[in-house]
Amino acid sequence: MQLESLQIDVVEDGRFGLDGGAMFGIIPRPLWSRSDPPDEANRIEMALRCLLIRDGQRCILIDNGMGEQWNDRQRGQFALDRTRVPCLLDNLERLGVDRRDITDMVFTHFHFDHNGGTVMPDGSLAFPGAMHHGSKVNYDLALSPSAKDAGSFRPEDRAGLVIGENLTLHEGPWRLTPQLDFIVSDGHTLGMHLPRIVSGGETMVFCADLVPTSSHLHLPWVMGYDCMPVRTIEEKTDLLAQAYDHNWILLFEHDPEIDGCRVVKDERGRYRRGEVIDLGGIGRSWG
Ligand SMILES: [Zn+2]
C-alpha cells in the first residue's frame, strides 16, 4: 500500500540540562564528557524535541517539553533556557499552527520533560481541542511512583486531564493512524510508548528515553534514571538491530545537535551514527 507523505516538523521547547553522570549511568566521565561536555554544575545540554505530524486531517503533537510551570529556582536547577531555542508554543506559531488546532496530544510517557507543556501557567489546558493520549501502565505508575522516580512525575502536569473525556489511555502496542503506531518499552519507565512513523517510503522511530541522544547508541550507555537498565539494553539491542536491518531513521528527543540518524556498525560490530537526518526544524518540513 502506497502511503501519502506526512508533514513532519520538529518543534523544540528550548533547552535544558541534566547531570551528565545520571545521563550515562555507569560510564565514567572521561568517556562521556568527550561527546557531551558538561557545564560547571556537571550538566549536559539537552534538547526538548517534540514532533508535529500532519496528515491533512489530524494535527498530532508528540510530547510537549517542560512547559512553563517552573519557578526561578527550578529553572536554574535544570538550566531551562529558551533564548537560543524558543519555547514550544512560539515554535508552533512560527509554523502557523494554533495550539487550539492540535487534534491529538500524545505522550511517550508522563515524566516532566515530556508532558510539562500540557497545562498553561493559568491552569488551563495548552491544547484544549486535543484528545490527549498516553500509556495506561505509565499513567498508573505516575499516580503511585516509586521513590526512585517520584521526582519525575508531577501532578500539576496532568491537572485538567480526565480519562474518557480529554484523555485516552492505551495498553500495549497501539495505532493512532495507518502511518503512526506505538512500540512499548519498559526499561526507562514502565509502559513507555515509542512512535513509529511510516512516510515517504521511510520508517522513523522517535526513541524518547530509550535512546535519548545519539551518544546512547552505544549499548551500555544507559541512563542512571532508568528503572530497569538491563531491560533498556535488551530493548535497545532489539530496536537498533531492526533499524540497522531495515535502514530505519531513529529520532532523538534529547540530542543537542541532531534530529536523528540512520544506524551503521563500526569495525567491531558496535552501532554508531550513520547518515545524519535533519527534519528541518522550526518552520521547515520534511516528508
Ligand atoms: Zn526525557
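(A) Examining the pairing of strand S9 (residues 192–199) more closely. In terms of burial, S9 is a largely internal element, six of the eight residues being buried. As defined by bridge partners, strand S8 (residues 180–185) adjoins S9 across six bridges and the pair is classed as antiparallel. The residue of S9 that forms the bridge with Phe-182 is Pro-195. The loop that links S8 with its antiparallel partner S9 comprises six residues; one of these, Gly-191, has a positive phi angle of about 70°. Of the strand pairs in this sheet, S9 and strand S10 (residues 202–206) are connected by four bridges, and their pairing is antiparallel.

(B) Local environment of the coordination of the zinc ion. Around the zinc ion, the protein contributes the donor atoms Asp-113 (OD), His-114 (NE2), Asp-209 (OD), Asp-209 (OD) and His-254 (NE2), which lie 2.1 to 2.7 Å from the metal centre. The motif formed by the donor residues of the zinc ion, counted along the single chain, is D-H-x94-D-x44-H. The buried category is assigned to Asp-113, whose relative accessible area is 7%. The class of His-114 is buried, set by a relative accessible area of 0%.

(C) Quick peek at the nonpolar core. Counting 25 residues, the largest nonpolar core has Val-11, Leu-52, Leu-61, Ile-102 and Phe-127 as its most contacted members. Listing elements by their share of this core, those giving two or more residues are strand S2 (43–54), strand S3 (59–62), helix H4 (88–94) and helix H6 (136–143). For this core, the leading source of residues is H6, giving three residues. Those residues within four positions of Leu-52 in sequence are excluded, and the remaining contacts are Gln-7, Ile-8, Asp-9, Val-11, Cys-59, Ile-60, Leu-61, Leu-92, Leu-95, Val-97 and Ile-102. Of all hydrophobic cores here, the second largest spans 19 residues; its members include Leu-6, Ile-8, Ile-53 and Phe-182.

(D) The arrangement of the sheet that holds strand S13 (residues 271–277) in detail. Judged by pairing direction, the sheet is mixed, and its seven strands sit side by side in the order S7-S8-S9-S10-S11-S12-S13 without closing on themselves. Both edges of this open sheet fall to strand S7 (174–177) and S13, since each of them pairs with a single strand only. Averaged over all neighbouring strand pairs, the angle between strand axes comes to 35°, with direction disregarded. This element, helix H7 (residues 229–246), spans S8, S10, strand S11 (249–251), strand S12 (260–265) and S13 of the sheet and lies at about 90° to S12.

(E) Inspection of H6 at higher detail. Taken together, the buried positions of H6 are occupied by Asn-138, Tyr-139, Leu-141 and Ala-142. Along the axis of H6, the buried residues cluster in a sector spanning 160°; they form a single face. Against strand S5 (131–135) and strand S6 (167–170) lie the buried residues of H6. Taking the backbone nitrogen of Val-137 as reference, a side-chain oxygen 3.4 Å away marks Ser-135 as the first, capping residue of H6.

(F) Main features of the sheet that holds S5. Reading across the sheet, the six strands line up as S1-S2-S3-S4-S5-S6 and stay open at both edges, with mixed pairing between neighbours. Looking at strand neighbours, the two that pair on one side only are strand S1 (7–19) and S6, the edges of this open sheet. Going across the sheet, the axis of each strand differs from the next one's by a mean of 20°, ignoring polarity. With eleven bridges connecting them, S1 and S2 associate as antiparallel partners.

(G) The arrangement of the packing of aromatic side chains in detail. The full count for this structure, using the stated rule, is nine aromatic pairs. On the basis of an interplanar angle of 75° and a centroid distance of 5.3 Å, the ring pair of Phe-24 and Trp-221 is categorised as edge-to-face. Of this pair, Phe-24 sits in helix H1 (residues 20–24) while Trp-221 is found in the loop between S10 and H7, placing the two residues 197 residues apart along the sequence. For the pair Phe-24 and Trp-221, a shared accessibility class is recorded, and that class is buried. Three or more aromatic residues link up through ring pairs in this structure, and these residues are Phe-24, Trp-32 and Trp-221. Directly above the ring of Trp-70 sits Arg-154, whose terminal nitrogen or CZ lies 3.6 Å from the centroid. In this structure, Lys-265 packs its charged tip against the face of Tyr-244, placed 4.6 Å from the ring centre.

(H) Region of the structure containing the side chain of Arg-15. Assignment of secondary structure puts Arg-15 in strand S1. At 3.0 Å, the side chain of Arg-15 forms a polar contact with the backbone oxygen of Pro-256. Excluding anything up to four places from it in sequence, Arg-15 contacts Glu-45, Met-46, Ala-47, Arg-49, Ala-79, Leu-80, Asp-81, Arg-84, Val-85 and Pro-256.

(I) Structural view of the pattern of salt bridges. Throughout the structure, instances matching the rule amount to 25 salt bridges. Here Asp-181 and Arg-175 are joined by a salt bridge, their closest N and O atoms 3.9 Å apart. Judged by its relative accessible area of 12%, Asp-181 falls in the buried class. Taken together, the salt bridges that share partners define one network made up of Glu-12, Arg-15, Glu-45, Arg-49, Asp-81, Arg-84 and Asp-259.

Thresholds, definitions, all that
- Residues numbered from 1 in each chain as written.
- Predicted model: local features only at pLDDT ≥ 70, side-chain atom pairs only at ≥ 80, totals over all residues.
- Heavy atoms only, no water.
- Buried < 20%, exposed > 50% of the residue type's maximum accessible area, 1.4 Å probe, protein only.
- Helix = DSSP H or I, 4+ residues; strand = E, 2+ residues; numbered from the N terminus.
- Pairing = 2+ DSSP bridges.
- Donors = N, O, S within 2.8 Å, 3.2 Å for Na, K, Ca; no water.
- Core = buried A, V, L, I, M, F, W, Y, C linked by side-chain atoms within 4.5 Å.
- Contact = heavy atoms within 4.5 Å.
- Axes fitted to C-alpha atoms, helices over the stretch in contact; angles between N-to-C directions.
- Arc of directions from axis to C-beta.
- Polar contact = N/O pair within 3.5 Å; in protein donor to acceptor, adjacent residues only side chain to side chain.
- Phe/Tyr/Trp six-rings, centres within 6.5 Å; stacked < 30°, edge-to-face > 60°.
- Lys NZ or Arg CZ within 6 Å of the ring centre and 35° of its normal.
- Salt bridge = Lys/Arg side-chain N within 4 Å of Asp/Glu carboxyl O.

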